[in-house]
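Breakdown of the fold
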Amino acid sequence: MNKSKKIFFLKKSIFLFLILFTVNSYSQTNTSGFPFMLPKEKPNRKLSLAMERLYDNYPAPKPEDNELFSQFKYTEIKGFDYNNHDGKISRRDPSKIIFHNGKYYVWYTYRNTATPPQGADKSSETIPSSDWDLAEIWYATSSDGFNWKEIGVAVKRPQKPFIGWRAVTTPDILVWKGKFYLYYQGFMEASGKRGDDCPVAVSYSDSPDGPWVAHNKIVIPNGAKNEWDQFSIHDPYPLVYKGKIYLYYKSDTGIAPHWVRMQGLATAENPLGPFTKNVLNPVISSGHETSLFPFKNGIAALVYKDGNEHNTVQFAEDGVNFNIAAITELMPYAAAPFVPDAFTDTKDGRGISWGLSHFINQGEKGKNHSIMVRFDCDLSQDLNDPEMKEHRVNHAVDVYLKQGLSNKQKQRIQQENKTQ
Ligand code: AAL
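Summary of the structure given here. (Residues numbered from 1 in each chain as written. Predicted model: local features only at pLDDT ≥ 70, side-chain atom pairs only at ≥ 80, totals over all residues. Heavy atoms only, no water.)

1. What to know about a nonpolar patch on the surface
There is a patch of nonpolar side chains on the surface, built from V397, V399, Y400 and L401 and spanning about 440 Å² of accessible area. Among the secondary structure elements, L401 is positioned in helix α3 (residues 397-401). (Patch = residues over 30% accessible without salt bridge, like charges linked within 9 Å, V, L, I, M, F, W, Y side chains within 5 Å. Areas by Shrake-Rupley, 256 points an atom, 1.4 Å probe, with all protein chains shown as cover. Salt bridge = Lys/Arg side-chain N within 4 Å of Asp/Glu carboxyl O. Helix = DSSP H or I, 4+ residues; strand = E, 2+ residues; numbered from the N terminus.)

2. Examining the side chain of D252
Mapped onto the elements of the fold, D252 is located in strand β12 (residues 244-253). A relative accessible area of 6% means that D252 is categorised as buried. At a separation of 2.7 Å, a polar atom in the side chain of D252 contacts the side chain of R261. (Buried < 20%, exposed > 50% of the residue type's maximum accessible area, 1.4 Å probe, protein only. Polar contact = N/O pair within 3.5 Å; in protein donor to acceptor, adjacent residues only side chain to side chain.)

3. A word on the packing of aromatic side chains
Within this structure, the stated rule accounts for 20 aromatic pairs. One aromatic cluster is present, formed by F99, Y104, F338 and W354 through successive ring pairs. Its guanidinium or amino end placed over the ring of F231, R194 lies 3.5 Å from that ring's centre, counting from NZ or CZ. Here the guanidinium or amino end of R374 rests over the ring plane of F146, the centre of that ring lying 3.8 Å away. (Phe/Tyr/Trp six-rings, centres within 6.5 Å; stacked < 30°, edge-to-face > 60°. Lys NZ or Arg CZ within 6 Å of the ring centre and 35° of its normal.)

4. As for the site of the ligand
Every residue near the ligand is listed here: R92, D93, W132, T170, Q185, D196, H234, D235, K250, H288 and E289. For the ligand, an oxygen atom lies 3.2 Å from a polar atom in the side chain of R92. In the complex, the protein chains occlude 96% of the 280 Å² of accessible area that the ligand would expose alone. (Near = heavy atom within 4 Å.)

5. Structural notes on unusual backbone geometry
Geometrically, the link from K160 to P161 is a cis peptide bond, its omega value of 10° lying close to zero. Mapped onto the elements, P161 comes out in the loop between β6 (148-155) and β7 (167-176). P274 follows G273 through a cis peptide bond whose omega is 0°. Secondary-structure assignment places P274 in the loop between β13 (260-268) and β14 (276-277). Non-glycine residue T170 carries a positive phi angle of around 55°. Considering the arrangement of structural elements, one finds T170 in strand β7. Overall, T170 belongs to the buried group, its relative accessible area being 7%. Phi is positive for E289, close to 35°, though the residue is something other than glycine.

6. Section: the sheet that holds β14
Each strand in a sheet pairs with another by means of backbone hydrogen bonds, the pair being arranged parallel or else antiparallel. The four strands lie next to each other as β11-β12-β13-β14, forming an open sheet whose pairing is antiparallel. Here the strands that pair on one side only, and so sit at the sheet edges, are β11 (234-241) and β14. As defined by bridge partners, β11 adjoins β12 across six bridges and the pair is classed as antiparallel. Directly across from V240, in β12, lies its bridge partner I245. (Pairing = 2+ DSSP bridges.)

7. Examining the sheet that holds strand β9 (residues 200-205)
The strand order across the open sheet formed by four strands is β7-β8-β9-β10, and the pairing between neighbours is antiparallel. Each end of this open sheet is capped by a strand with a single partner; those strands are β7 and β10 (213-214). Direction of pairing for β7 relative to strand β8 (residues 179-187): antiparallel, over a ladder of eight bridges. Looking across to β8, one finds that V168 is bridged to G186.

8. A closer look at the environment of S205
Along the chain, the position of S205 falls in strand β9. By relative accessible area, which is 3% here, S205 ends up buried. Spatially, the C-alpha atoms of S205 and L182 are 8.5 Å apart, while their sequence positions differ by 23 residues. Those residues in contact with S205 that lie beyond four places of it in its chain are K179, F180, G210, P211 and W212. Among the polar contacts listed, one links the side chain of S205 to the backbone oxygen of S207, at a separation of 2.8 Å. (Contact = heavy atoms within 4.5 Å.)

9. A short note on the pattern of salt bridges
Per the counting criterion, the structure on display carries 24 salt bridges. Across the pair K250 and D235 runs a salt bridge whose closest N-O atoms are separated by 3.6 Å. Of the two residues, K250 is situated in strand β12 and D235 in strand β11; the sequence distance between them amounts to 15 residues. Both residues of the pair, K250 and D235, belong to the buried class.

10. Focus on the side chain of N66
Relative to the assigned elements, N66 resides in the loop between α2 (49-56) and β1 (73-76). Of the residues examined, N66 reaches a relative accessible area of 3% and is grouped as buried. Not counting chain neighbours up to four residues away, the residues in contact with N66 comprise Y58, P59, A60, A325, A326 and K389.

And the structure:
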């Protein structure tokens, strides 16, 4: 092509670009106000950043149409005795719930100790440092999710020096090729000595009723020195996704009391490992006691309690890169949802509608323990419960007033008033 032809084509391209740019800008100019009825689809007009986000970041612009938005309702459950709430018995950190041979099964941290927790300095062979110190893993079954029958121990504390000799806690369940695997935190020192340090161990069985055989090896090790998960691997939570075991976990990063809790992912093709930690870890920047479930083609996560993005439900189309899908409130602590398709390697996860969760710091002063309750929600493709989708829930006045000012805060305000 000679020079004058080149210049001709260049001029023509610039001209075409300008026409297209002008037509596009014209169609994007808002000639009237934003519509009264919120459009379901993103309207073809100029939008503020907030309105762009409303259409781009959430599954639907209205919470009631957003399948990953829900309120949570709570019910006391029957079948668990807490010894008059004297602090010696605690149940907490339930596993996700499975349905097997006509019954629901749940595993949880069970502490039955000589005294309530006394802190790391006063702890001994029989005195627990924390609510989950000296604990074992117990299980219960139910036919309706409200009335439970505590069956007894699933995994005992092994003898020293086996993993978990000090405490086995915070279990979660995997069903893989017809076998059952319980992953749990295996403590080799009383929690609170340095931090809440432990790796993850696993036991397996042919039946959810056991007997459970300890693998006696660490399956999810702590990270290397100075890595985010160098001290603790908590709340192991396995799912089957993309033909593999996707095990999410939490770690406490930083120094107490300024811990930042974040969630990581480790995957494996064999339940006994090796597990490979995702190179992008942490994959969720917030949250505690990780609970996740297959949703549509991806994975949804209940993110609560810690971090900038607490009180959100998040979604990752690839199980790794999570986005906020909904913002909610009063989320279940340590949610243990019933996830019917947790292990089916589904490409169309149906979601969840109930589970168990715990309330910590129960009992009068010095009688610290936790209790388990049931939660219900509508994070399911198969349920449409408008009561769960209300985005203006009135909480009782005492819920707010219990969040009173501390004495230190009252003094500061008095001081501020004096100096004004
Ligand atoms: C919970 C869980 C883990 C921690 C402790 C018991 O919040 O994150 O299980 O180790 O507290």
